[in-house]
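Here are the chains, one letter per residue:
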Amino acid sequence: MTTGQASTDFDNRRVLAAILGCGVVSLVTFLVLPLYVGLMAETFGFSEGQLGVLASMDLAGIALMSLSAPLWIRRLNWRTVLRCSLLWLIAWNCASTLFASFGILCLTRFMAGLGGGLIAVMVFQSISYVSDPDRIAALFVVLQIAIQSLGFVLLPYVIAGFGVTGFFGTLVLLCVIA
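Residues numbered from 1 in each chain as written. Predicted model: local features only at pLDDT ≥ 70, side-chain atom pairs only at ≥ 80, totals over all residues. Heavy atoms only, no water.

Peer 1: Looking at this structure, I do not really get the overall build of the protein chain. What am I missing?
Peer 2: Each helix and strand counted, the protein chain has eight helices and zero strands in total. Against the compact-globule benchmark of 16 Å for 178 residues, the protein chain has a radius of gyration of 16 Å, which places it among compact chains. Across the 178 residues in the protein chain, those meeting the buried criterion constitute 44%. Contacts in the protein chain between residues at least 24 apart in sequence constitute 78% of all its contacts with a sequence separation of at least 6. Accessible area of the protein chain: about 9100 Å², with a carbon and sulfur share of 69%. Charged side chains in the protein chain number 8 positive and 7 negative. The centres of these two groups are separated by 13 Å. (Helix = DSSP H or I, 4+ residues; strand = E, 2+ residues; numbered from the N terminus. Rg over C-alpha atoms; globule rule 2.2 N^0.38 Å. Buried < 20%, exposed > 50% of the residue type's maximum accessible area, 1.4 Å probe, protein only. Contact = heavy atoms within 4.5 Å. Areas by Shrake-Rupley, 256 points an atom, 1.4 Å probe, with all protein chains shown as cover. Lys, Arg positive; Asp, Glu negative; His and termini not counted. Charge placed at Lys NZ, Arg CZ, Asp CG, Glu CD.)

Right, dumping it as structure tokens:
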């Protein structure tokens, strides 16, 4: 895709809204990390060290995908990447509801992080193509803060009623909506 064509696609408001929505959804676990860590501690009784490792798994996946992006990002169709990454994220968030084992949860969260990282990379690439990237980058940050705030207000009720399944189910629902 040429830069001119990309700019035309990404300046479309519907396309941009979908991309930014996917980007925010891909980062929800990170955005509400204190709730997530507290849930894992309360539900599974993991030690502080285990909680630190588990919390870093999503971030490790995001980091790995971000570091590898220069090797492949221009070779892939962004629409296909976003769709596949959302499906990947849905699958690994669903898988996270099925296991209580520390090691397996670390694996499922790392794999979810890979999907989230791929989405985040594609969002930042997309932002670089719009006619006003500074404004859109600022909007992306505002959307993250809004979702984070809503998460801190609403997720405790979801967690109280549905526990781990409710938390990851909410992540799946957000991915479906995006």
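Peer 1: What is the right way to look at the nonpolar core in this model?
Peer 2: The nonpolar side chains of a soluble globular protein tend to be buried, and buried together. Judged by nonpolar contacts, the single largest core of 35 residues is most densely connected at L20, W72, L82, I119, M122, V123 and F140. When contributions to this core are tallied by element, the ones reaching two or more residues are α2 (13–26), α5 (48–72), α6 (78–96), α7 (102–129) and α8 (133–177). Looking at this core element by element, the count peaks at 10 residues for α7. Non-local contacts of M122, meaning those with residues more than four positions away in its chain, are made with W72, I73, W78, V81 and L82. Membership of the second largest hydrophobic core comes to 18 residues, among which are V28, L39, F46 and L51. (Core = buried A, V, L, I, M, F, W, Y, C linked by side-chain atoms within 4.5 Å.)

Peer 1: What exactly am I supposed to notice about a nonpolar patch on the surface here?
Peer 2: Taken together, the side chains of L98, F99 and I104 define a hydrophobic patch exposed on the protein surface, amounting to about 270 Å² of accessible area. Mapped onto the elements of the fold, I104 is located in helix α7. Residue I104 is classed as partly exposed on the basis of its relative accessible area, which comes to 35%. (Patch = residues over 30% accessible without salt bridge, like charges linked within 9 Å, V, L, I, M, F, W, Y side chains within 5 Å. Salt bridge = Lys/Arg side-chain N within 4 Å of Asp/Glu carboxyl O.)

Peer 1: Can you help me understand the packing of aromatic side chains in this one?
Peer 2: Each aromatic ring pair is specified by the distance between its two centres and by the angle formed by the two planes. Scanning all chains against the criterion turns up seven aromatic pairs. Relative to F102, the ring of F46 lies with its centre 5.5 Å away and its plane at 70°, an arrangement referred to as edge-to-face. Of the two residues, F46 sits in the loop between α4 (33–44) and α5 while F102 sits in helix α7, which places them 56 residues apart along the sequence. We classify F102 as partly exposed; its relative accessible area is 23%. (Phe/Tyr/Trp six-rings, centres within 6.5 Å; stacked < 30°, edge-to-face > 60°.)

Peer 1: Teacher, can you tell me more about α4 here?
Peer 2: Helical geometry: 3.6 residues make up each α-helical turn, so side chains three or four residues apart lie on a common side. Over its 12 residues, α4 runs 16 Å from end to end, which matches the ideal 16 Å to within 8%, given 1.5 Å per residue. Of the residues making up α4, those classed as buried are L35, Y36, L39 and M40. One side of α4 holds all its buried residues, which, seen down the axis, span an arc of 130°. α4 presents P34 and E42 as exposed residues on the side facing more than 90 degrees away from its buried surface. (Expected span 1.5 Å × (residues − 1). Arc of directions from axis to C-beta.)

Peer 1: Looking at this structure, how should I read the pattern of salt bridges?
Peer 2: One side chain can pair with another of opposite charge once the charged atoms of both are near each other. Counting across every chain of the model gives two salt bridges. With its nearest N and O atoms 3.0 Å apart, the salt bridge here joins R109 to D58. Highlighted residues: R109 in helix α7 and D58 in helix α5, separated in sequence by 51 residues. Exposure remark for R109: the relative accessible area of 0% places this residue in the buried category.

Peer 1: Would you mind going over the environment of L171 with me for this structure?
Peer 2: Of note, L171 is situated in helix α8. Classification of L171 as buried rests on a relative accessible area of 5%. Between the alpha carbons of L171 and L27 there is a distance of 9.8 Å; along the sequence they are 144 residues apart. Beyond its immediate sequence surroundings of up to four residues, L171 is in contact with V28, T29, N93 and R109.

In short, shape yes, function no, at least from these values alone.
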